[in-house]
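Breakdown of the fold
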Amino acid sequence: MVSPSDRPDADWPVGEGVARRVIAGYRPELVDRVTHVATGWDNAIFRAVDVAVRLPRREAAVQLLLHERRWLPALAPRLPSAVPAPLATGDAAPGFPHPWSIVPWFEGAALWHVPPADRRPLAEPLGRFLSALHAPAPADAPVNPVRGVPLAERALAVPPLFDLPESAPLRPLWEDGLAAPAWNGPPVWLHGDLHPGNIVARTDGNTTELAAVVDWGDLGAGDAACDLVVAWFAFDAEGRAAFRAELERLDAVDEAAWRRGRAWAAAITDSMLHSTAGDGDVARMSRRAASELAAEL
């Protein structure tokens, strides 16, 4: 869950009452089993046994939810791990004049609650997932103005500052990515926000498995290197090497893409360090990513 101090204020109230009214029209027997489980940057999530209600809490999140509703049903069948393709959708509910989705509930825990040393078994499955995802996107796929664009465009839209003690050492990685050959292929599908909070892991005894990849509001078309940020957000050096090796085996990454991905990771880490504080999940993840990146200098 995103720490309250790190997420923007809601533009409207979102509570269990709304989620119950949404569930009532889908599976009324679950109305009394709705519980709040998470409030993220953009959405509030409520669980009702084997499904979840996804409600936008900000105006900026509405279009992101609509992107998920439009495209996940088409992407889901060709991906090797589960994604939250909607089971039911609507454009309003009593007392809530905004779109909503009901999606499957995936058993497990967000990867940022799994100790880094236990994440290694997810490296190859996540590599296979990205290889399958990064297929050419149709011409009408959404384009995110700050994810998946050329790094030079990202620099104009959200220039990294690298002025904090944790992020200052990362500037050479950003500059190296800017100098790397640009993506010259067709725009491919991207998750756009691939980090441990959006990866569901299931642990069975001593085995950690990839259960699902969630939160697709930033999905769009562009340079696949943007999704490689997960290498530094999720893994230690050993896991990162296994992740890259699997991508290389599948011919899904080259040296230039890896350099651009590392630059994306440096820029997003810098941005997160500026916008988070304390000991919330995002703040801890950003500090750890900064350490993993700095170790590569």
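Let me begin by describing the structure that accompanies this report.

Rules and cut-offs
Residues numbered from 1 in each chain as written. Predicted model: local features only at pLDDT ≥ 70, side-chain atom pairs only at ≥ 80, totals over all residues. Heavy atoms only, no water. Phe/Tyr/Trp six-rings, centres within 6.5 Å; stacked < 30°, edge-to-face > 60°. Helix = DSSP H or I, 4+ residues; strand = E, 2+ residues; numbered from the N terminus. Buried < 20%, exposed > 50% of the residue type's maximum accessible area, 1.4 Å probe, protein only. Pairing = 2+ DSSP bridges.

**Points about the packing of aromatic side chains**
Counting across every chain of the model gives 5 aromatic pairs. Between Phe 243 and Trp 258, the ring centres sit 6.5 Å apart and the planes meet at 45°, which makes this aromatic pair tilted. You can see Phe 243 sitting in helix H7 (residues 237-249) and its partner Trp 258 sitting in helix H8 (residues 255-275), a full 15 residues away along the chain. We classify Phe 243 as buried; its relative accessible area is 0%. Since its relative accessible area comes to 4%, Trp 258 is described here as buried.

**Quick look at the sheet that holds strand E8 (residues 199-204)**
Hydrogen bonds along the backbone pair up the strands of a sheet, which may run parallel or antiparallel. Ordered by their spatial adjacency, 3 strands build an open sheet running E6-E8-E9, and the pairing between neighbours is antiparallel. Two strands lie at the open edges of the sheet, namely strand E6 (109-110) and strand E9 (207-213), each paired on one side alone. Both E8 and E9 contribute to a ladder of 6 bridges, which runs antiparallel. If you follow Thr 203 over to E9, its bridge partner there is Thr 208.

**Some remarks on unusual backbone geometry**
Located in the positive-phi region is Asp 215, a residue other than glycine, with phi close to 60°. Topologically, Asp 215 is positioned in the loop between E9 and strand E10 (220-222). For Asp 215, a relative accessible area of 26% puts it in the partly exposed group.

**A few points about the pairing of strand E3 (residues 51-56)**
E3 sits mainly inside the fold: 6 of its 6 residues count as buried. Here E3 shows two buried faces, one formed by Val 51, Val 53 and Leu 55 and the other by Ala 52, Arg 54 and Pro 56. With 6 bridges connecting them, strand E2 (residues 43-48) and E3 associate as antiparallel partners. Bridge pairing in E3 links Ala 44 to Leu 55. Connecting E2 to the next strand, E3, in antiparallel fashion are 2 residues, including Val 49 with a positive phi near 60°. With 4 bridges joining them, E3 and strand E5 (residues 100-104) adopt antiparallel strand pairing. Along E5, the bridge assignment pairs Val 51 with Pro 104.

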